[in-house]
Amino acid sequence: MSLPIGAYVVEIRTGRVGTVMGHVGPYLQLRPLGGGREWDVEPEGVRAATAAERLRAATAHVNARSRGEVP
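In this report, we go over the structure that sits alongside the text. (Residues numbered from 1 in each chain as written. Predicted model: local features only at pLDDT ≥ 70, side-chain atom pairs only at ≥ 80, totals over all residues. Heavy atoms only, no water.)

### Considerations on the overall build of the chain
Note the threshold: The helix and strand labels rest on DSSP assignments: H or I over at least four residues marks a helix, E over at least two residues marks a strand, and numbering proceeds from the N terminus. Throughout, the radius of gyration refers to the C-alpha atoms, and the reference size of a globule is 2.2 Å times the residue count to the power 0.38. Three labels apply to residues, based on accessible area from a 1.4 Å probe with only protein chains included: buried if under 20% of the type maximum, exposed if over 50%, partly exposed otherwise in between. Two residues form a contact once any of their heavy atoms are found within 4.5 Å. The method behind every accessible area is Shrake-Rupley, applied with a 1.4 Å probe, and residues are considered shielded solely by the protein chains displayed. Charged-residue counts in this description rest on Lys and Arg as positive and Asp and Glu as negative, His and the chain ends being excluded. Where a charge lies is defined by one atom per residue type, namely NZ (Lys), CZ (Arg), CG (Asp) and CD (Glu).
Scanning the chain for helices and strands turns up one helix and five strands. Going from N to C terminus, the chain has its helices and strands arranged as β-β-β-β-β-α. Compactness check: the chain gives a C-alpha radius of gyration of 12 Å against a globular reference of 11 Å for 71 residues, within 12% of the reference. Dimensions along the principal axes, computed over C-alpha positions, put the chain at roughly 35 × 20 × 20 Å. Counting every position in the chain, which comprises 71 residues, the buried fraction comes to 31%. Sequence separation of at least 24 residues holds for 31% of the intrachain contacts in the chain that already meet a minimum separation of 6. A total accessible area of about 4,700 Å² is found for the chain, and carbon and sulfur atoms account for 54% of it. The centroid of the 9 positive side-chain charges in the chain is displaced by 8 Å from the centroid of its 7 negative side-chain charges.

### A few points about the nonpolar core
How we decide: Residues enter a nonpolar core if they are buried and are Ala, Val, Leu, Ile, Met, Phe, Trp, Tyr or Cys, with the set joined through side-chain atoms within 4.5 Å.
Counting nine residues, the largest nonpolar core consists of L3, A7, V9, V20, L28, L30, W39, V41 and V46. Each residue touching L3, except ones within four places of it in the same chain, is listed here: V9, V20, H23, L28 and V46. Counting residues in each nonpolar core, the second largest holds five residues, with V10, L33, A49 and A57 among its members.

### Regarding the side chain of H61
In this fold, H61 is placed in helix α1 (residues 51-66). Once residues within four sequence positions are removed from consideration, H61 is found in contact with L33, G34 and V70.

Take a look at the structure:
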């Protein structure tokens with residue numbers, strides 16, 4: 001499965017939602033919704049995020065920002 005840059009995915013092992021930022025070697029580079037440090041994952045280790053999962057991750061980020069936990 002070839003995922004385009006900007007696609008929203010879920011890392012199957014951890015459940016983290018991220019945005020595809022690039023492809024380097026055999027890995028995808030993902031960044032959490034709302035920004036942050038990128039991480040690498042094998043393409044077989046992700047699946048497309050549902051609309052509910054995207055909304056849940058975005059809401060969690062906004063709530064953390066309102067509590068001052070993230071910039």
